[in-house]
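Architecture and fold: a report
So you can see what is in the structure, the chains are spelled out below.
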Amino acid sequence: MKQLIKKILASLNISLTRNQRYDAYTRLILETCLEPGSQCIDIGCHKGEILDLMLKGAPEGRKFGFEPIPELFENLALKYRHNPLVTILPVALYDSKGKTSFQHVLNAPAYSGIRQRKYDGKQVEIEQITVETDLLDSLIPEDMLIDLIKIDVEGAEFQVMRGGVRTIQRSRPIIIFEFGMGAADFYGSEPRELYQFLTTECKLSVSTLKGFLDHTRPLSEAVFKNYFENGKEYYFVAHP
């Protein structure tokens, strides 16, 4: 019933919570920015909701989905098995290759990640599993240009970007990513470092989702840092 209500609200563009508003903005960004041949990456693919939107907006481009939770990966592999343009990999993207422990939150899988984080007051049931880690740069062909990346990995977003620096610098894609206290700080990530990485190393600007859609001035480093610290915004867009 909960999922049905969410689908109805989404179809009517009604957002009751901040997460629902972020979901609505993400849908609008995909609808606005994707072209038929756009090549996209969904990192933290979960059930494939965003990947489905990528396929709808860009049916002719290559798609990559990364999902380390075994049952979710198996469901995704089955779901997209007949689409030759979709590659699903059971990997937790990171800034190093190897194996690591992974916190699988059984009663709230969307909170799962390599490290434990704050769980917004939820009573969570965690199963610790071992997953493969790898770098995005090692898994995306060196001559492939990527148009859009979505990253939602419960705090490890900066590590994912560092592992994909060559892909990002080469492609200068739109990157929709989460970055906030209670998650990123558990990985030692600082807003200044991420901002400098995106703007200086990758030559991208940083906006809120709404700011990007409204074509307002990109965020300064100070404003980005303030959003990170006060929690007013925790979803952002890096863009050319």
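Located above this text is the structure these notes cover.
Residues numbered from 1 in each chain as written. Predicted model: local features only at pLDDT ≥ 70, side-chain atom pairs only at ≥ 80, totals over all residues. Heavy atoms only, no water.

Description of the pattern of salt bridges
Inclusion rule: The rule for a salt bridge is simple: a side-chain nitrogen of Lys or Arg has to be within 4 Å of a carboxyl oxygen of Asp or Glu. Only DSSP runs of H or I with at least four residues qualify as helices, and only runs of E with at least two residues qualify as strands; both kinds are numbered from the N terminus onward. For each residue, the accessible area found with a 1.4 Å probe, counting protein chains only, is set against the maximum for its type, and the residue is called buried under 20%, exposed over 50%, and partly exposed in between.
Scanning the entire structure with this criterion turns up 10 salt bridges. Asp-52 is the partner of Lys-79 in a salt bridge, and the nearest nitrogen-oxygen pair spans 2.8 Å. Of the two residues, Lys-79 is situated in helix H4 (residues 70-79) and Asp-52 in helix H3 (residues 49-57); the sequence distance between them amounts to 27 residues. On the basis of relative accessible area, Asp-52 is assigned to the partly exposed category, the value being 31%.

Thoughts on the nonpolar core
Short version of the rule: By convention a nonpolar core is built from buried Ala, Val, Leu, Ile, Met, Phe, Trp, Tyr and Cys residues, the set being connected through side-chain atoms within 4.5 Å. Contact definition: two residues touch when any of their heavy atoms are within 4.5 Å.
Formed by 45 residues in total, the largest nonpolar core has its most connected members in Ile-175, Phe-177 and Leu-198. The dominant element in this core, judged by the number of residues it contributes, is helix H8 (residues 191-201), at four residues. What Leu-198 contacts, discounting residues up to four positions off in sequence, is Met-161, Ile-175, Phe-177, Lys-203, Leu-204, Val-206 and Ala-238. Counting residues in hydrophobic clusters, the runner-up holds 25 residues, among them Leu-34, Leu-51, Ile-88 and Ile-174.

Overview of the packing of H8 against helix H10 (residues 221-230)
Put simply, the rule reads: Axis definition: a line fitted to C-alpha atoms, over the contacting stretch in the case of helices. Angles run 0 to 180 degrees between N-to-C directions. Oblique is the label for every angle not falling under 35 degrees (roughly parallel), over 145 degrees (roughly antiparallel), or within 65 to 115 degrees (roughly perpendicular). Two helices cross in a left-handed way if the nearer one is turned anticlockwise from the farther one by less than a right angle. They cross in a right-handed way if the turn is clockwise.
At a minimum axis distance of 9 Å, the contact between H8 and H10 shows a crossing angle of 135 degrees. Relative to H10, the element H8 lies oblique. Viewed along their axes, H8 and H10 form a crossing whose handedness is right-handed. Of the residues in H10, those in contact with Pro-191, Arg-192, Leu-194, Tyr-195 and Gln-196 of H8 are Glu-221, Phe-224, Lys-225 and Phe-228.

Things to note about the side chain of Ser-207
Spelled out, the test is: Nitrogen and oxygen atoms within 3.5 Å of one another constitute a polar contact, given that in protein one can donate a hydrogen and the other can accept it, and given that sequence-neighbouring residues count only through two side-chain atoms.
Inspection of the secondary structure puts Ser-207 in strand S9 (residues 205-208). A distance of 2.8 Å separates a polar atom in the side chain of Ser-207 from a polar atom in the side chain of His-239. Excluding residues that lie within four positions of it along the chain, Ser-207 makes contacts with Phe-212, Pro-218, Leu-219, Phe-236, Val-237 and His-239.

Let's talk about the pairing of strand S2 (residues 63-66)
For a regular strand, the rule is simple: side chains alternate between the two faces of the sheet. Rules: Whether two strands pair depends on DSSP finding at least two bridges between them. Convention used here: a crossover is right-handed provided that the path from the first strand, over the helix, to the second strand proceeds clockwise when the strands point away from the viewer.
Side chains of S2 alternate between two faces, with Lys-63 and Gly-65 and Phe-64 and Phe-66 buried alike. Bridge count between strand S1 (residues 40-43) and S2: four bridges; the pairing is parallel. Directly across from Asp-42, in S2, lies its bridge partner Gly-65. Crossover S1 to S2 through H3 is right-handed. With four bridges connecting them, S2 and strand S3 (residues 86-89) associate as parallel partners. Paired with Phe-64 across the strands is Thr-87, a residue of S3.

Considerations on unusual backbone geometry
Unusually for a residue other than glycine, Glu-154 sits at a positive phi of about 55 degrees. Residue placement: Glu-154 occurs in the loop between strand S7 (148-151) and helix H6 (157-163). In this structure, His-215 is a non-glycine residue whose phi angle is positive, near 60 degrees. Within the secondary structure, His-215 is located in the loop between helix H9 (209-214) and H10. Note on His-215: relative accessible area 72%, which makes it exposed.

Considering the sheet that holds S7
Pairing is mixed in the open sheet, where seven strands are placed in the order S3-S2-S1-S7-S8-S10-S9. Sheet topology places S3 and S9 at the edges, where each strand pairs with a single neighbour. Across this sheet, the average inter-strand angle for adjacent strands is 15 degrees, counted without regard to direction.

Quick notes on the sheet that holds strand S4 (residues 91-93)
Strand order in the open sheet made by the three strands is S4-S6-S5, with mixed pairing throughout. Every interior strand has two partners, whereas the edge strands, S4 and strand S5 (98-105), have only one. In this sheet, adjacent strand axes meet at a mean angle of 55 degrees when their direction is disregarded.

Structural notes on the packing of aromatic side chains
To be explicit about the condition: When the centres of two rings from Phe, Tyr and Trp lie within 6.5 Å, Trp using its six-membered ring, the rings pair. Their planes under 30 degrees apart give stacked, over 60 give edge-to-face, and anything left gives tilted.
Evaluation of the coordinates by the stated rule reveals 11 aromatic pairs. A ring pair is formed by Phe-177 and Phe-236, whose centres lie 5.9 Å apart and whose planes are at 35 degrees; its orientation type is tilted. Linking Phe-177 in strand S8 (residues 174-178) with Phe-236 in strand S10 (residues 235-239), this pair joins segments that are 59 residues apart in sequence. For Phe-177, a relative accessible area of 0% puts it in the buried group.

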